[in-house]
Amino acid sequence: MDFPGPGFLGLGLFDKQSFMSDLDVQIPTTFDPFADANAEDSGAGGKEYVHIRIQQRNGRKSLTTVQGLKKEFSYNKILKDLKKEFCCNGTVVQDPELGQVIQLQGDQRKNVSTFLVQAGIVKKDNIKIHGF
């Protein structure tokens, strides 16, 4: 296949106007990677998750936090049962952003999730366990 010589633009065979109009360039729109997460947080038919997290304290000490329980539950009664069941200490903390949060001493993530499911407080699909 022979290409025209160096003067092919000057001959009118391939002028700049027709070249630019032949290209169908689509400029990508802005992509928001957090659009799905923001839609879930809006509460429009989304699930209400119970988040069970672990926080590392000093050394081997750790703290398990439970947040997202429904407001109609008595946090103090749930805490009392958790403390008795797992032989650990705990407290209910009032957070301005998150509301009431249950804190337990030690890594109790698996224990708390099974307890909440067996007690009928939360369905297993609505529990998210965070941490290492």
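In short, a report on the structure. Quantities reported herein were computed from a predicted structural model and do not represent experimental measurements. (Residues numbered from 1 in each chain as written. Predicted model: local features only at pLDDT ≥ 70, side-chain atom pairs only at ≥ 80, totals over all residues. Heavy atoms only, no water.)

## A look at the pairing of strand β4 (residues 99-105)
Both faces of the sheet carry side chains from a regular strand, because those side chains alternate between them.
No. 1: Bridging between strand β2 (residues 62-67) and β4 involves four bridges; their strand directions are antiparallel. By the bridge assignment, Thr 65 is partnered in β4 with Gln 103.
No. 2: Sheet topology note: the strand β3 (residues 90-95)/β4 ladder contains six bridges and is antiparallel. In the sheet register, Gln 94 faces β4, and the bridge partner there is Gln 100.
No. 3: From the end of β3 to the start of β4, which pair antiparallel, there are three residues. (Pairing = 2+ DSSP bridges. Helix = DSSP H or I, 4+ residues; strand = E, 2+ residues; numbered from the N terminus.)

## Here's the deal with the nonpolar core
Across soluble globular proteins, nonpolar side chains have a tendency to be buried as a group.
No. 1: Within the largest apolar cluster, 18 residues are counted, with the highest numbers of intra-cluster contacts made by Val 66, Leu 69, Leu 82, Ile 102, Val 112 and Leu 116.
No. 2: Secondary structure elements with two or more residues in this core: β1 (50-56), α3 (75-86), β4 and α4 (109-118).
No. 3: Counting residues per element, this core draws most heavily on α3, which supplies five residues.
No. 4: When near neighbours in sequence (up to four residues on either side) are disregarded, Leu 69 contacts Val 50, Tyr 75, Ile 78, Ile 102, Leu 116, Ile 121 and Val 122. (Core = buried A, V, L, I, M, F, W, Y, C linked by side-chain atoms within 4.5 Å. Buried < 20%, exposed > 50% of the residue type's maximum accessible area, 1.4 Å probe, protein only. Contact = heavy atoms within 4.5 Å.)

## Brief notes about the pattern of salt bridges
Side chains that differ in charge, positive against negative, can pair when their charged atoms come close.
No. 1: Here the structure, examined in full by the defined rule, presents one salt bridge.
No. 2: Among the ionic pairs, Asp 107 bridges to Arg 109, the shortest N-O distance being 2.9 Å.
No. 3: Arg 109 sits in the buried class, given a relative accessible area of 12%. (Salt bridge = Lys/Arg side-chain N within 4 Å of Asp/Glu carboxyl O.)

## Points about the packing of α3 against α4
No. 1: Interaxial distance between α3 and α4 falls to 11 Å at its minimum, and their mutual angle equals 125°. Classified by the interaxial angle, the pair formed by α3 and α4 is oblique. With respect to the hand of their crossing, α3 and α4 are arranged in right-handed fashion. Residue-level contacts link Asp 81, Leu 82, Glu 85 and Phe 86 of α3 to Asn 111, Val 112 and Phe 115 of α4. (Axes fitted to C-alpha atoms, helices over the stretch in contact; angles between N-to-C directions. Parallel < 35°, antiparallel > 145°, perpendicular 65-115°, else oblique. Left-handed = near helix turned anticlockwise from the far one by under 90°.)

## A short note on α3
No. 1: For α3, with 12 residues, the first-to-last C-alpha span of 16 Å sits near the 16 Å given by 1.5 Å per residue.
No. 2: Along α3, the residues that are buried comprise Tyr 75, Ile 78, Leu 79, Leu 82 and Phe 86. The buried residues of α3 occupy one face: seen down the axis, they fall within an arc of 100°. Pointing more than 90 degrees away from the buried face of α3 are the exposed residues Asn 76, Lys 77, Lys 80 and Lys 84.
No. 3: Summarising the contacts, the buried residues of α3 are in contact with β3, β4 and α4.
No. 4: Downstream of α3 by one or two residues, Cys 87 has phi in the positive range, about 55°. (Expected span 1.5 Å × (residues − 1). Arc of directions from axis to C-beta.)

## Observations regarding the sheet that holds strand β5 (residues 127-129)
No. 1: In space, the five strands of this open sheet follow the order β3-β4-β2-β1-β5, with mixed pairing throughout. A strand with exactly one partner marks an edge of an open sheet, and here the two such strands are β3 and β5. Within this sheet the neighbouring strands show an average axis-to-axis angle of 25°, counted without direction.
No. 2: The strands that α3 touches are β3 and β4; relative to β4, the one it contacts most, it runs at about 10°.
No. 3: Contacting β1, β2, β4 and β5, α4 crosses the sheet at an angle of about 160° to β1.

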